[in-house]
Amino acid sequence: MRRPITTRIDPELCIGCEACVRVCPTDALTMEDEIAVVSGDESLHCGHCVAVCPSDAVTVDGVSSAEFTLADGEPTEVYVDPGDFDLGQLVQLMRSRRSCRCYRDEEVSRAVLNDLVRIGTTAPSGTNCQLWTFTVLPDRAAVVVAAEKVKAFYDRLNQQASNGAYRLFARLFAGDALDRYYREYYETVKEGMRQWEEEGRDRLFHGAPAAILVGSKPGASCPAEDALLATQNILLAAHAMGLGTCLIGFVVEAMKRDAAIGEALGIPKGERTYAVIALGYPAVEYLAPTGRRRVEPRWVQAGG
Ligand SMILES: Cc1cc2nc3c(=O)[nH]c(=O)nc-3n(C[C@H](O)[C@H](O)[C@H](O)COP(=O)(O)O)c2cc1C
């Protein structure tokens, strides 16, 4: 994605260390008379040049490294050098995040939700396009609006899937997707809908008092990856903040197939939602971290 260059180097402040020239991914900077100058016409606006300059000589318009203080006052300005963080603590945090399906009846403040969105945007994005979007359902009422739309979608889908003639018709024109849905999800979804109607139990969002929908605007080079990387940041940060989260793939799937759900939530046409994060303060306490099946990586050996 081509973006006009907005990098400026103050020749009075530049000490000629070349650091900015070395890190620029678009080769937009060169050395001239022992100081760095802007010579290219293309920029990712990634701000690496700003981040490595020891003399504050570089600025990039439109790239804000504006202060990023969290609502609880935690400072975030200090750069952590590679190797200068407690790996054990990081992995413990990652292993302690669980999908939470029991929430306390307690609102999540807008300040906390805002922090989560900002933390999401510290993720990388393809060509640094940052075309991700965050739609916040800030309270239970908003979550229920979404849940009802999604439920209506699955009610319709289950009706179609349970009709053998309809499945045959769908197979002729759209492959075996409806057959597979019928085999793998129909009964579970039917039971979930029954519990919603008869017992008031929310099997979609698990009664979460808030949710964040992460999507991408049209034009992103890697829309799904951008949204999902931001999502993982949010999941980990939420855990650190005392919140439980659960990804809700059932809602993502419904939104993909039924544009009316996004419209009802004010999501513009053309924007696509890749992750739905239900969240709230957990009403369950885990005593052990995640266990995973062991995987063996595939090792590639040159020439072998
Ligand atoms: C893409 C994706 C979609 C998911 N969708 C749902 C869902 O619709 N409902 C749900 O309860 N859990 C959902 N989960 C949570 C998974 O079931 C959960 O991550 C998995 O069982 C592992 O448990 P853990 O997250 O606690 O480690 C989803 C997870 C992912 C990654």
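Remember, it's a predicted structure, so these values are computed and weren't measured experimentally.

A. Here's a closer look at the site of the ligand. Close contacts around the ligand come from Arg 97, Arg 98, Ser 99, Arg 101, His 206, Cys 246, Leu 247, Ile 248, Gly 249, Phe 250, Thr 290 and Arg 292, and that covers them all. Note that an oxygen atom of the ligand is positioned 2.6 Å from one of the side-chain N or O atoms of Ser 99. A distance of 2.8 Å separates an oxygen atom of the ligand from a polar side-chain atom of His 206. At the level of secondary structure, the elements contributing two or more residues to the shell around the ligand comprise strand E7 (244–247) and helix H10 (249–257).

B. Molecular detail of the nonpolar core. If you look at the biggest cluster of nonpolar residues, it comprises 35 residues, and the most contacted ones within it are Tyr 154 and Phe 205. When residues of this core are traced back to their parent elements, those giving at least two are helix H5 (140–161), helix H7 (177–184), helix H8 (186–199), strand E6 (210–216), H10 and strand E8 (272–280). At 9 residues, H5 tops the list of elements feeding residues into this core. Apart from the residues lying within four places of it in its own chain, the contact partners of Tyr 154 are Tyr 181, Val 189, Met 193, Phe 250, Glu 253 and Ala 254. Residues Val 117, Ala 123, Leu 243 and Ile 277 belong to the second largest nonpolar core, which totals 26 residues.

C. Up close: the packing of aromatic side chains. For the coordinates displayed, the defined rule picks out 8 aromatic pairs. On the numbers, 5.1 Å between centres and 55 degrees between planes, the contact of Phe 169 with Phe 173 is tilted. You can see Phe 169 and its partner Phe 173 sitting in helix H6 (residues 164–174), 4 residues apart, about one turn around the helix. Of the two residues, Phe 169 and Phe 173, neither departs from the other in class, the shared state being exposed. Through a chain of ring-to-ring contacts, three or more aromatic side chains come together here, namely Phe 153, Tyr 154, Tyr 181, Tyr 185 and Phe 250.

Reading the values: the criteria
Residues numbered from 1 in each chain as written. Predicted model: local features only at pLDDT ≥ 70, side-chain atom pairs only at ≥ 80, totals over all residues. Heavy atoms only, no water. Near = heavy atom within 4 Å. Polar contact = N/O pair within 3.5 Å; in protein donor to acceptor, adjacent residues only side chain to side chain. Helix = DSSP H or I, 4+ residues; strand = E, 2+ residues; numbered from the N terminus. Core = buried A, V, L, I, M, F, W, Y, C linked by side-chain atoms within 4.5 Å. Buried < 20%, exposed > 50% of the residue type's maximum accessible area, 1.4 Å probe, protein only. Contact = heavy atoms within 4.5 Å. Phe/Tyr/Trp six-rings, centres within 6.5 Å; stacked < 30°, edge-to-face > 60°.

Distances and angles like these do not, on their own, reveal function.
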